[in-house]
Amino acid sequence: MRLLRPFEYVGAKFLAMLDEAGELLLLFMQTVLWLFRPPFRFKVLFKQLEFVGVGSINVTLLTGAFTGGVFALQSYHGFSLFGAESLVGSTVALALTRELGPVLTSLMVTGRAGSAMAAELGTMRVTEQVDALYVMAVNPVQYLVVPRVLAGIAMLPILTIIADFVGIVGSYVVGVHLLGINHGIFISKIVEYLEFSDISMGMTKAAFFGLILSMVGCYKGFYTTGGAEGVGRATTQAVVLASVLILASDYVLTAIMF
Amino acid sequence: MSAKQNIIELVDIHKAFGSQQVLKGVNLNIPRGQTTVIIGRSGGGKSVMLKHMIGLIKPDQGQVLVEGQDIVHMGDHGLNQVRRRFGMLFQDAALFDSMNVRDNVAFPLREHSKLSEGEIKQVVAEKLSMVGLSGVEHKLPSELSGGMRKRVGLARAITLEPEIILFDEPTTGLDPPLSAAINRLIKDTQERLGITAVVISHDIEGAYEVGHNIAMLYLGEIIAQGSPDEIRDSGSEVVQQFVHGRAEGPIEVI
Ligand SMILES: Nc1ncnc2c1ncn2[C@@H]1O[C@H](COP(=O)(O)OP(=O)(O)OP(=O)(O)O)[C@@H](O)[C@H]1O
Ligand SMILES: [Mg+2]
């Protein structure tokens, strides 16, 4: 019997995972359903748009600028070995718009806003505020989850565009001012190689990641049990699960789109 | 005919959390237009029972009837309709901690009434003064004392003047004169609007004062129900020990 223990363990873990996926999917379906039912709560939506969007601008600017700068530095070292320094700008621009912009922005916003969603909803759950909504005949999925998920979907593409732009500026500063690449060549190569579809597909990815991070944050918060400790657990799990899902779905989306 | 007299009926409710059997066949009728006080031991399942009445907790077995309708198997929409007739004060108030006092009390009005902001402001001020709180509209729940939070919760529960109000320990944690004032507020509100009130209380004197009926929950069942006089003169030793607050008797205290 002892020999079967590991299998039991793996089996139980697997079942728990399926359970979780099912619950998450169910909450998602409820969210879609409540999205189209009145009343439409613009006030809470704007609050979330501001929280997810405006609130994440600083971290997006920093992430974008440093990623672009460091990427220019690294690729310059590689490209200069065979005299292709002129390609630094376009390489950075393509990598940013297609991959680094959406993925890094989403991971940063997961840490900032996804975790906050889990903590806030988790606290509301364990202090019976969610029950209070039910009692007052207000559906908590509609009141709490819908605006957060909408804000995630709407704001991540915008933040991504900002990160893309700032990242290219960062790479320009490093490439042209610090490393001495010719200004005209740097720009013209970007214009030559970067296509609109690179940007739009990056934004599509970002919208999808925004859905993931807000949905997972709300899900973990919504089903929190066990007091303050439970809220802490929910928050950590939300960040880990959302990050993993973002990275995994990035692969799938890239394979489909590009 | 029973549905006419009783607005809420709990029929043979069983509820367990894990291996802990909390309710073991509760039968309780809440008469319309009266105040029913529920007494019982701390941790005995009173709050759990109250949450059954509004569909926050579903029983493992048994029926919860509101106006003769079983709410246990009701869908979201139906349940929402039923809940609009209720107000509830939670034991720990359950105020929205991201909103100030005014927004908390105004919440049901903004959701379910067509009043203008000016009118809402007026109603909120009126309800807050009814519970003895004025000038705290702009404070956050975290800036209030426990008793103040409870009274804000009370104001929120009565803002829409619903037909049925559930109060989970409205006077616990308040000083004696304030407890008396809150008991009177519940009594006045009930009489003025002719509503149905269900009150959980550890305050026996207050229970005699506000309650038309008193029910005692003990070991997961309703062991006695009747008018204050009937409870006071009850032949049950458990009830006698409980209402007189004696340490010795059939109830194992520690
Ligand atoms: N969500 C829950 N999960 C697990 N156990 C619970 C839950 N809610 C209540 N219980 C358990 O049910 C029992 C009854 O709890 P309840 O809150 O109804 O007591 P009470 O009669 O209201 O007590 P008090 O007068 O102290 O408020 C307790 O032992 C409690 O541990
Ligand atoms: Mg209780």
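About the thresholds
- Residues numbered from 1 in each chain as written.
- Chains lettered and ligands numbered in written order.
- Predicted model: local features only at pLDDT ≥ 70, side-chain atom pairs only at ≥ 80, totals over all residues.
- Heavy atoms only, no water.
- Helix = DSSP H or I, 4+ residues; strand = E, 2+ residues; numbered from the N terminus.
- Buried < 20%, exposed > 50% of the residue type's maximum accessible area, 1.4 Å probe, protein only.
- Contact = heavy atoms within 4.5 Å.
- Areas by Shrake-Rupley, 256 points an atom, 1.4 Å probe, with all protein chains shown as cover.
- Donors = N, O, S within 2.8 Å, 3.2 Å for Na, K, Ca; no water.
- Core = buried A, V, L, I, M, F, W, Y, C linked by side-chain atoms within 4.5 Å.
- Axes fitted to C-alpha atoms, helices over the stretch in contact; angles between N-to-C directions.
- Parallel < 35°, antiparallel > 145°, perpendicular 65-115°, else oblique.
- Left-handed = near helix turned anticlockwise from the far one by under 90°.
- Nonpolar A, V, L, I, M, F, W, Y, C, P; charged D, E, K, R; others polar.
- Arc of directions from axis to C-beta.

Asks: Pulling in residues and values, what's your account of the overall build of chain A?
Replies: Scanning chain A from N- to C-terminus turns up 9 helices and 0 strands. With the C-alpha coordinates aligned to their principal axes, the bounding extent of chain A is approximately 65 × 55 × 30 Å. When burial is assessed residue by residue, chain A has 47% of its 258 residues classed as buried. The contacts in chain A between residues at least 6 apart in sequence include a share of 85% that link residues at least 24 apart. When the accessible surface of chain A is summed, it comes to about 12700 Å², and 73% of that surface belongs to carbon and sulfur atoms.

Asks: I'd like a rundown of the side chain of Gln48 of chain A, residues and numbers included.
Replies: Inspection of the secondary structure puts Gln48 of chain A in helix H2 (residues 42-52). In contact with Gln48 of chain A, other than residues within four places in its own chain, are Gly53, Pro147, Arg148 and Ala151 of chain A.

Asks: Help me get a handle on the coordination of the magnesium ion (ligand 2), residues and values and all.
Replies: Around the magnesium ion (ligand 2), the donor atoms from the protein are Ser47 of chain B (OG) and Gln91 of chain B (OE1), and they sit 1.9 to 2.1 Å away. Of this pair, Ser47 of chain B sits in helix H2 (residues 46-53) while Gln91 of chain B sits in the loop between strand E6 (86-89) and helix H4 (101-112); the two residues are 44 residues apart in sequence, bridging distant segments of the chain.

Asks: Account for the nonpolar core, with residues named and values stated.
Replies: Ranked by internal contacts, the top residues of the largest apolar core, which has 82 residues, are Val26, Leu28, Met49, Met53 and Leu166 of chain B. Formed by 46 residues, the second largest nonpolar core is a distinct cluster that contains Leu89, Leu133, Ile158 and Val238 of chain B.

Asks: Give a detailed account of the packing of helix H3 (residues 57-80) of chain A against helix H6 (residues 140-178) of chain A, specifying residues and quantitative values.
Replies: Residue and element names in this part refer to chain A. Between H3 and H6, whose axes approach to 7 Å, the crossing angle comes to 40°. When the interaxial angle is binned, H3 and H6 end up oblique. Pair H3 / H6 crosses with right-handed handedness. Where H3 approaches H6, its residues Ile57, Thr60, Leu61, Gly64, Ala65, Gly68, Gly69, Ala72 and Leu73 are matched on the opposing element by Leu159, Ile162, Ala163, Val166, Gly167, Gly170, Ser171 and Val174. Among the residues making up the contact of H3 with H6, the classes are represented as 10 nonpolar, 7 polar and no charged.

Asks: Explain helix H3 (residues 76-83) of chain B to me, using residue names and the numbers behind them.
Replies: Of the positions making up H3 of chain B, those classed as buried are Leu79, Asn80, Val82 and Arg83 of chain B. All buried residues of H3 of chain B project into a common sector of 160° when viewed along the axis, lining one side. Here the buried face of H3 of chain B lies against helix H5 (129-135) of chain A together with strand E4 (61-66), strand E5 (69-70) and E6 of chain B.

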